[in-house]
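Chain residues, written in single-letter form:
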Amino acid sequence: MAPITTASNEETHAALLDTLDMQKVHKPFRNPNWKPAQRRNKNLKQIISETSRAQQSLMTTQQNSGASTPLPATTGSTTPAVNLNAAQASQDMSRLVLEKNARQANGGAAVVPSIAYTSIAAAPSLKPKKKYCDITGLPAKYKDPQFGMYYYNAEVYAIIKSMNTQQRQDILRARGAETVLK
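An unreviewed UniProt entry annotates the protein as Vps72/YL1 C-terminal domain-containing protein of Cryoendolithus antarcticus. Quoted straight from UniProt, the Subcellular location (unreviewed entry) entry for the protein says "Nucleus".

Laid out in structure tokens, this is it:
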């Protein structure tokens, strides 16, 4: 770099401009420390291997839990008794499918049926039932004390007030909350 002097001439000035010129500084297009992001999408082979691994884990869990839980009641044959209840029947069917898959994976060896305590038939919710506006279907904030209709805002309430009794009863009947007089 040329020294800055009071008597600098054109040559020193040009040399100074050349050293400070940003266009002549080499800059790579990409940051040398940059690495591509990890791939988010999975291919089909990865998805299938993960699901088979999860299913195998589920089967081993059910096989291990079967040692400490009682066997279901059988009716003389080797297959467990099937319930006539729809929820129980679907649970029995899913258990039978899992046992069949395990039998095929074990080369035809018999698998002891096991009972897991997870099922679709869950206990009723403890949360209060959500209320929706009988006119708009939006979440209801208010309830008409006279007829028991749920409504979203004052605009909908004006519509409810303008209805006759038969129309209100039809809407309540659609919700299953009609008033039955004897």
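Within the protein one finds five helices and two strands. Seen in sequence order, the protein has helices and strands lined up from the N terminus as α-α-α-β-β-α-α. Counting only residues that meet the buried cut, the protein has 15% of its 182 residues in that class. When the accessible area of the protein is evaluated, it comes to approximately 15,200 Å², of which 58% is carbon and sulfur surface.

Under the definition given, this model contains three salt bridges. The shortest N-O distance in the salt bridge between Arg175 and Asp134 comes to 2.8 Å. Placement of Arg175 in helix H5 (residues 165-175) and of Asp134 in the loop between helix H3 (86-105) and strand E1 (142-143) is noted, with a sequence separation of 41 residues between them.

Moving on, we get to the UniProt feature "domain: Vps72/YL1 C-terminal" (unreviewed entry) in the protein. Residues annotated by UniProt as "domain: Vps72/YL1 C-terminal" (unreviewed entry) correspond here to residues 131-160. Helix and strand shares over residues 131-160 are 23% and 13% respectively, and the end C-alpha atoms of the span are 16 Å apart.

Grouped together as the largest cluster of nonpolar side chains are six residues: Cys133, Met149, Tyr151, Val156, Ile160 and Leu172. Setting aside chain neighbours within four positions, we find Cys133 in contact with Leu138, Pro139, Ala140, Tyr150, Tyr151, Tyr152 and Val156.

We now examine the side chain of Asp144. Relative to the helices and strands, Asp144 resides in the loop between E1 and strand E2 (150-151). As a buried residue without a salt bridge, Asp144 has its nearest oppositely charged side chain in Lys161, at a separation of 4.2 Å. Excluding its chain neighbours within four sequence positions, the residues that come into contact with Asp144 are Met149, Tyr151, Tyr157, Ile160 and Lys161.

Cut-offs applied
Residues numbered from 1 in each chain as written. Predicted model: local features only at pLDDT ≥ 70, side-chain atom pairs only at ≥ 80, totals over all residues. Heavy atoms only, no water. UniProt positions renumbered as here; feature names shortened; annotations may be inferred. Helix = DSSP H or I, 4+ residues; strand = E, 2+ residues; numbered from the N terminus. Buried < 20%, exposed > 50% of the residue type's maximum accessible area, 1.4 Å probe, protein only. Areas by Shrake-Rupley, 256 points an atom, 1.4 Å probe, with all protein chains shown as cover. Salt bridge = Lys/Arg side-chain N within 4 Å of Asp/Glu carboxyl O. Core = buried A, V, L, I, M, F, W, Y, C linked by side-chain atoms within 4.5 Å. Contact = heavy atoms within 4.5 Å. Lys, Arg positive; Asp, Glu negative; His and termini not counted.

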